[in-house]
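One letter stands for each residue in the lines below.
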Amino acid sequence: MNETVVLKRKDRIVKKPDFTEKKSYRPVNVKETGLSFIGHEISEDGNVMNQFFHYDQLYTIRHGWNSKFFKGLLEGKIWGTRCPKCGDTWVPVRTHCWNLDCNLEKTEWVEMPLNGKVHTWTVAGWSGRSSLKRLPIILVYAVIGKSKVAIANELHGIKPWDVEFEMSLKVVFKPEEDRIGAVTDFHFEPADGWEPSPIHQEKERIKELVEPVYKWVKTLK
Ligand SMILES: [Zn+2]
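Residues numbered from 1 in each chain as written. Predicted model: local features only at pLDDT ≥ 70, side-chain atom pairs only at ≥ 80, totals over all residues. Heavy atoms only, no water.

A. Layout of the coordination of the zinc ion. On the protein side, the zinc ion has Cys83 (SG), Cys86 (SG), Cys97 (SG) and Cys102 (SG) as donor atoms, found 2.2 to 2.4 Å from it. One way to put it: the four donor atoms around the zinc ion meet at angles of 106 to 115°, and that makes the site tetrahedral. Along the chain, the residues that donate to the zinc ion are spaced as C-x2-C-x10-C-x4-C. Separated by 14 residues along the polypeptide, Cys83 in the loop between β3 (79–82) and β4 (89–90) and Cys97 in the loop between β4 and β5 (108–111) bring together distant segments of the chain. Taking the relative accessible area as the measure of exposure, Cys83 reaches 1% and is therefore buried. Its relative accessible area of 1% is what places Cys97 among the buried residues. (Donors = N, O, S within 2.8 Å, 3.2 Å for Na, K, Ca; no water. Tetrahedral: all angles 85-135°; square planar, octahedral: opposite > 155°, others 65-115°. Helix = DSSP H or I, 4+ residues; strand = E, 2+ residues; numbered from the N terminus. Buried < 20%, exposed > 50% of the residue type's maximum accessible area, 1.4 Å probe, protein only.)

Right, here's the structure in full:
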């Protein structure tokens, strides 16, 4: 009969990492207050009450096996993963192959080229408060290299009506000192030498839709 092996918590399979390289870019005014009621207001006639509730909490995102991707962003590199059995690659990364024939084979790291193609896109005419002045924002799902999946990010350096399916892109990183190891460390731009096709009916339609957004943004202080 087979003996059952029970792993105790102290017999960790993976050694706990020793974090020696630390960097903090927390804004000075950010304090972890957790959940707290910070005030209220009551109308003059006493019939209506509003309460102000503030939530401020530190989150830890543990990247584990995916860490190389995020560390790569700091270095201006896009790392993907590749299945050693079937050769499929992925950005965003997958730790195990999704091909059914590969039986969840563990993938290996591969540095991806800094180029891609538009899989699909949308034009955002509204956003959270911090991005309002940058509207309209073009969001693309782009295929980097020969990835089997697409990654979402902003597309800059092009008019919203000129975006096309399959158009060639380049990955553009922020200056090194501004990178934080998040996908916002880079964006897409049209590949060098790319030229928009002449204006046509569909382009005119998108242009009409986004023109009021440009006008409205100009009114923002
Ligand atoms: Zn595979």
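B. Looking closely at the pairing of strand β2 (residues 49–56). Alignment of strand β1 (residues 34–42) against β2, held across eight bridges, turns out to be antiparallel. Among the inter-strand pairings, Ser36 is bridged to a residue of β2, identified as His54. If you look at the hairpin formed by β1 and β2, you'll find six residues sitting between the two strands, and Gly46 has a positive phi there, around 75°. (Pairing = 2+ DSSP bridges.)

C. Representation of unusual backbone geometry within the structure. In this structure, the amide linkage connecting Val91 to the following residue, Pro92, adopts the cis form with an omega of 0°. With respect to the helices, strands and loops of the structure, Pro92 is situated in the loop between β4 and β5. Following Leu135, the chain continues to Pro136 via a peptide bond in cis, the omega torsion being -5°. Positionally, Pro136 belongs in the loop between β6 (115–124) and β7 (137–144). Not every positive phi belongs to a glycine, and Asn103 is a case in point at roughly 50°. Relative to the helices and strands, Asn103 resides in the loop between β4 and β5.

D. How the structure looks around the pattern of salt bridges. Applying the stated criterion to the full structure yields nine salt bridges. Glu202 is the salt-bridge partner of Arg205, the closest N and O atoms lying 2.9 Å from each other. Of this pair, Arg205 and Glu202 are both found in helix α2 (residues 201–218), three residues apart, which corresponds to roughly one turn of the helix. Judged by relative accessible area, Glu202 falls into the partly exposed class, the value being 37%. (Salt bridge = Lys/Arg side-chain N within 4 Å of Asp/Glu carboxyl O.)

E. Focus on helix α1 (residues 67–74). When α1 is considered as a whole, its buried residues turn out to be Phe69, Gly72 and Leu73. Down the axis of α1, the buried side of the element spans an arc of 105°, and every buried residue falls inside it. Elements in contact with the buried residues of α1: β3, β5, β8 (151–155), β9 (168–173) and β10 (186–190). Looking one or two residues past α1, Gly76 carries a phi angle of roughly 75°, positive in sign. (Arc of directions from axis to C-beta. Contact = heavy atoms within 4.5 Å.)

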